[in-house]
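A look at the structure
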Amino acid sequence: MIKHICFDKDGIIIDVHGYWNHNCHLRAEHLVENYKLDPSMFGQLMWSMGIDTNSGRIREKGPVGYHPRDIVINNIVKFFAQLNIEAKFSDISAMFEKIDTFQQARDDYNIELLKGVKPFLKWLKEKKILISIYTSDRRLNAEKILDRVGLANIVDTIVGGDDVAKGKPDPEGFLTACNKLQIKPEHSAYVGDTISDMVMGKEGSAAMVVGLGSGLFSMSELQKETRFTYSSTIDLHAEIESYL
């Protein structure tokens, strides 16, 4: 009954920690420069966005990687308020958009394609199963990344965080992907790496919600929301192949 599989991007297609560590590094550099902060504030800015600079990984609960961009920006606004610095949400949002444009123009991303992803998506394509991506990241960023890793011609459609009014766990993004492909949610599956992903898939009436332990949440955490959990795309591929 599955005719369409919708995938999250970070933690499912690419390594989530390296990608967001690099993005937040650029953001923190611009914030320090534009607000004339002492360079020692760089690490605290990274922390406010959700990055532990010691490990280079996303810290538990982020917000980056876990939540939409608006929440990350609000965290920065609160950080500046603690320093008695007035920072408007709109100004920081505009700065983030400039960084997006910079990255897109220079193809400046830290991308590591996770093992097994490309063979799995190619196999799904051969089986005529439609493939979509729904990510909280901006759609153009996602398009650039998929092109870089050689998946642009395999994925049928992409929905970004800027395409929806409500971010995860609201099912709007997943339902948008289904509508674009003219496939009912009941004939679609969603594959993600967070609790929000699992809740979103279920709220969107997905036929199957799959959790992979290759991103931000462990398999034991994901198992609280779905019985379909796998350590990686490789294991998911093997399981599905045994049925098709």
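All of these numbers come straight from a predicted model, not from anything done at the bench.

**Quick notes on the pattern of salt bridges**
Under the definition given, this model contains ten salt bridges. The salt bridge involving Arg139 is made with Glu143; its shortest N-O contact spans 3.5 Å. Taken together, the residues span about one helical turn, with Arg139 and Glu143 both in helix H6 (residues 139–148) at a distance of four residues.

**With respect to the side chain of Ser48**
Mapping Ser48 onto the fold places it in helix H2 (residues 42–49). In terms of polar contacts, Ser48 uses its side chain to reach the backbone carbonyl oxygen of Leu45, at 2.7 Å. With residues near it in sequence (within four places) discarded, Ser48 still touches Arg59, Pro63, Asn75, Ile76 and Phe79.

**Focus: the sheet that holds strand S5 (residues 157–159)**
Strand order in the open sheet made by the six strands is S5-S4-S1-S6-S7-S8, with parallel pairing throughout. The open sheet has two edge strands, S5 and strand S8 (228–230), and neither has a second partner. Across the sheet, the mean angle separating the axes of adjacent strands is 20 degrees when strand polarity is ignored. Judged from the four bridges that link them, strand S1 (residues 4–7) and strand S4 (residues 130–134) form a sheet pairing that is parallel. Across the sheet, His4 pairs through a bridge with Leu130, a residue of S4. With respect to the sheet, helix H7 (residues 172–181) is in contact with S1, S4, S5 and strand S6 (188–192), its orientation differing from that of S5 by roughly 155 degrees.

**Things to note about the environment of Glu172**
With respect to the helices and strands, Glu172 occurs in helix H7. A polar contact is formed between the side chain of Glu172 and the backbone nitrogen of Ala165, at a distance of 3.1 Å.

**Here's the deal with the nonpolar core**
Grouped together as the largest cluster of nonpolar side chains are 75 residues, with contacts concentrated most on Phe7, Ile13, Leu45, Phe80, Ile92, Leu121 and Leu124. It is helix H1 (residues 16–34) that contributes the most residues to this core, eight residues altogether. With sequence-adjacent residues up to four places away left out, Ile92 is seen in contact with Leu31, Tyr35, Ile73, Ile76, Val77, Phe80 and Ala87.

**Looking at the layout of surface pockets**
In this model, the second largest pocket occupies a volume close to 200 Å³. Residue lining of the second largest pocket: Pro68, Arg69, Asp70, Tyr134, Ser136, Arg138, Gly161, Asp162, Val164, Ala165, Lys166 and Gly167, and that is the complete set. Across the lining of the second largest pocket, the residue classes tally to four nonpolar, three polar and five charged.

**Considerations on empty space enclosed by the protein**
Applying the stated criterion to the full structure yields two cavities of 30 Å³ or more. Approximately 230 Å³ is the volume attributed to the largest cavity. Lining the largest cavity we find 21 residues, and of these Trp20, Gly65, His67, Ser136 and Asp137 sit closest to its centre. Contributing elements (two or more residues each) for the lining of the largest cavity: H1, helix H3 (69–82) and helix H8 (195–203). In this structure, the second largest cavity encloses a volume near 40 Å³. In this structure, the second largest cavity is lined by Phe7, Ile12, Ile13, Val117, Phe120, Leu121, Leu212, Thr233 and Leu236. Those elements that place two or more of their residues in the lining of the second largest cavity are helix H5 (117–126) and helix H10 (233–241). Here the lining of the second largest cavity takes three residues from H5, the largest share from any one element. A per-class count over the lining of the second largest cavity returns eight nonpolar, one polar and no charged.

**Comments concerning the packing of H5 against H10**
It is the contact of H5 with H10, at a shortest axis distance of 9 Å, that shows an interaxial angle of 25 degrees. It follows from the interaxial angle that H5 and H10 lie roughly parallel. Both H5 and H10 take part in a crossing whose hand is left-handed. Counting all contacts with H5, which are made through Val117, Pro119, Phe120 and Trp123, the residues of H10 involved are Thr233, Leu236, His237, Ile240 and Glu241. For the contact of H5 with H10, the residue count by class is six nonpolar, two polar and one charged.

**Things to note about the packing of aromatic side chains**
Going through the model one piece at a time under the given rule, you end up with eight aromatic pairs. Measuring from ring centre to ring centre gives 5.0 Å for Tyr19 and Trp20, while their planes differ by 75 degrees; the resulting arrangement is edge-to-face. Residue Tyr19 is classed as buried on the basis of its relative accessible area of 0%. Seen in terms of ring centroids, Tyr35 and Phe80 are 4.6 Å apart; in terms of plane orientation they differ by 35 degrees. Their pairing is tilted. Taken as a pair, Tyr35 in the loop between H1 and H2 and Phe80 in helix H3 lie far apart in primary sequence, 45 residues in all. Here a set of aromatic residues connected by ring pairs shows up, and it is made of Phe7, Phe120 and Trp123. Sitting over the face of the ring of Phe96, Arg27 holds its NZ or CZ atom 4.1 Å from the ring centroid. A cation sits over an aromatic face here: Lys168 above Tyr134, 5.1 Å from the ring centre.

About the criteria used
Residues numbered from 1 in each chain as written. Predicted model: local features only at pLDDT ≥ 70, side-chain atom pairs only at ≥ 80, totals over all residues. Heavy atoms only, no water. Salt bridge = Lys/Arg side-chain N within 4 Å of Asp/Glu carboxyl O. Helix = DSSP H or I, 4+ residues; strand = E, 2+ residues; numbered from the N terminus. Polar contact = N/O pair within 3.5 Å; in protein donor to acceptor, adjacent residues only side chain to side chain. Contact = heavy atoms within 4.5 Å. Pairing = 2+ DSSP bridges. Axes fitted to C-alpha atoms, helices over the stretch in contact; angles between N-to-C directions. Core = buried A, V, L, I, M, F, W, Y, C linked by side-chain atoms within 4.5 Å. Buried < 20%, exposed > 50% of the residue type's maximum accessible area, 1.4 Å probe, protein only. 1 Å grid on protein atoms, 1.4 Å probe; cavity = no way out; pocket = protein on both sides within 12 Å on 5 of 7 lines; lining within 4 Å. Points joined across faces, edges and corners; volume = space filled by probe spheres on them. Nonpolar A, V, L, I, M, F, W, Y, C, P; charged D, E, K, R; others polar. Parallel < 35°, antiparallel > 145°, perpendicular 65-115°, else oblique. Left-handed = near helix turned anticlockwise from the far one by under 90°. Phe/Tyr/Trp six-rings, centres within 6.5 Å; stacked < 30°, edge-to-face > 60°. Lys NZ or Arg CZ within 6 Å of the ring centre and 35° of its normal.

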